[in-house]
Amino acid sequence: MNWLLRLLEAGFRPVGQWRTVEGGPVCQLVSHGSSSDVLYAFVLDGDVMYVGKTAMPLSRRMYGYQKPGPTQRTNLANNRLISKALTAAMLAIRSVRLT
């Protein structure tokens, strides 16, 4: 199944990307940063790596992955996923508003 095609059909659009800055992942959003109640996906070279949902602003959710707290398991796991992906290529972010 082509998951990227499914996301596009559902209305997901490019909203930003992850980059490595000073050895760590940094999220750069070009749109939807202040939007809440969104679904978002991390896409690496056309492959969907992760899909999430947030009720908080998307920029705040991405910051949690960028700077995870020591007890935030999902944030820590995604920080590792993002860091690993960035060694291979740019990690794109796509999202769709739920409301």
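Quick notes on the rules
Counting of residues starts from 1 at the beginning of each chain's written sequence and follows it residue by residue. Only residues with pLDDT of at least 70 are given local features in this predicted model, and only at 80 or more are side-chain atom pairs given and counted; all residues enter the totals for whole chains, interfaces and linings. Each side-chain value is worked out from all heavy atoms of the structure, with water and hydrogens disregarded. Numbered from the N terminus, helices here are DSSP runs of H or I no shorter than four residues, and strands are runs of E no shorter than two. To get the radius of gyration, use the C-alpha atoms; to get the globule rule, take the number of residues to the power 0.38 and multiply by 2.2 Å. Relative accessible area decides the class of each residue, using a 1.4 Å probe on protein chains only: under 20% of the type maximum gives buried, over 50% gives exposed, and in between gives partly exposed. Paired strands, as defined in this entry, are two strands with at least two bridges between them according to DSSP. Note on geometry: axes are lines fitted to C-alpha atoms, helical ones only across the stretch in contact, with angles between N-to-C directions running from 0 to 180 degrees. Any angle between 65 and 115 degrees counts as roughly perpendicular, while under 35 counts as roughly parallel, over 145 as roughly antiparallel, and the rest as oblique. Between two residues, a contact is recorded if the distance between any of their heavy atoms is within 4.5 Å. Gly is placed with the polar residues, together with every amino acid not listed as nonpolar (Ala, Val, Leu, Ile, Met, Phe, Trp, Tyr, Cys and Pro) or charged (Asp, Glu, Lys and Arg). Each nonpolar core is a collection of buried residues, namely Ala, Val, Leu, Ile, Met, Phe, Trp, Tyr and Cys, held together in the definition by side-chain atoms within 4.5 Å. Every helix has an expected span of 1.5 Å times one less than the residues it contains. The directions considered for the arc are those from the helix axis to the C-beta atoms.

Regarding the overall build of the chain
Then, in step 1: Counting secondary structure elements, the chain contains three helices and five strands.
Then, in step 2: Mapped in sequence order, the helices and strands of the chain form the string α-β-β-β-β-α-α-β.
Then, in step 3: Compactness check: the chain gives a C-alpha radius of gyration of 13 Å against a globular reference of 13 Å for 99 residues, within 12% of the reference.
Then, in step 4: For the chain, the spread of C-alpha atoms along the three principal axes comes to 35 × 30 × 25 Å.
Then, in step 5: Going through the 99 residues of the chain one by one, you find that 38% of them count as buried.

Re the sheet that holds strand β3 (residues 38-44)
Then, in step 1: The strand order across the open sheet built from five strands is β2-β1-β5-β3-β4, with neighbouring strands paired in antiparallel fashion. The outermost strands of the open sheet, each flanked by one partner alone, are β2 (24-29) and β4 (47-54). Adjacent strand axes in the sheet meet at a mean angle of 25° when their direction is disregarded.
Then, in step 2: With five bridges joining them, strand β1 (residues 13-21) and strand β5 (residues 91-97) adopt antiparallel strand pairing. The residue of β5 that forms the bridge with tryptophan 18 is leucine 91.

Some thoughts on the packing of helix α2 (residues 58-66) against helix α3 (residues 73-86)
Then, in step 1: Packing of α2 against α3 leaves a shortest axis separation of 7 Å and a crossing angle of 75°. The orientation of α2 relative to α3 falls into the category roughly perpendicular. Between α2, through Arg61, Gly64, Tyr65 and Gln66, and α3, the contact on the second element is made entirely by Thr74, Asn75, Asn78, Asn79 and Ile82.
Then, in step 2: Looking at the contact of α2 with α3, its residues break down into two nonpolar, six polar and one charged.

Here we look at the pairing of β2
Looking along a regular strand, one sees side chains alternate from face to face of the sheet.
Then, in step 1: As paired elements, β1 and β2 share six bridges and run antiparallel to each other. Among the inter-strand pairings, tryptophan 18 is bridged to a residue of β2, identified as cysteine 27.
Then, in step 2: Here β1 hands over to β2 after two residues, with glutamate 22 in that stretch at a positive phi of 50°.

Section: the nonpolar core
Then, in step 1: Core analysis: the biggest nonpolar cluster contains 15 residues, and Trp18, Phe42, Met62, Tyr65, Ile82, Leu91 and Ile93 have the highest contact counts within it.
Then, in step 2: Looking at this core, the elements with two or more residues in it are β1, β3, α2, α3 and β5.
Then, in step 3: Ranked by the residues each element gives to this core, the list is headed by β3, at four residues.

Quick look at α3
Then, in step 1: Taking 1.5 Å of rise per residue, 14 residues should cover 20 Å, and α3 covers 20 Å from first to last C-alpha, within 8% of that figure.
Then, in step 2: Among all positions in α3, only Asn75, Asn78, Asn79, Ile82, Ala85 and Leu86 are buried. Viewed along the axis of α3, the buried residues span an arc of 135°, placing them on a single side of the element. Away from its buried face by more than 90 degrees, α3 exposes Arg73, Arg80 and Lys84.
Then, in step 3: Those residues of α3 hidden inside the fold are in contact with β1, β2, β3, β4, α2 and β5.

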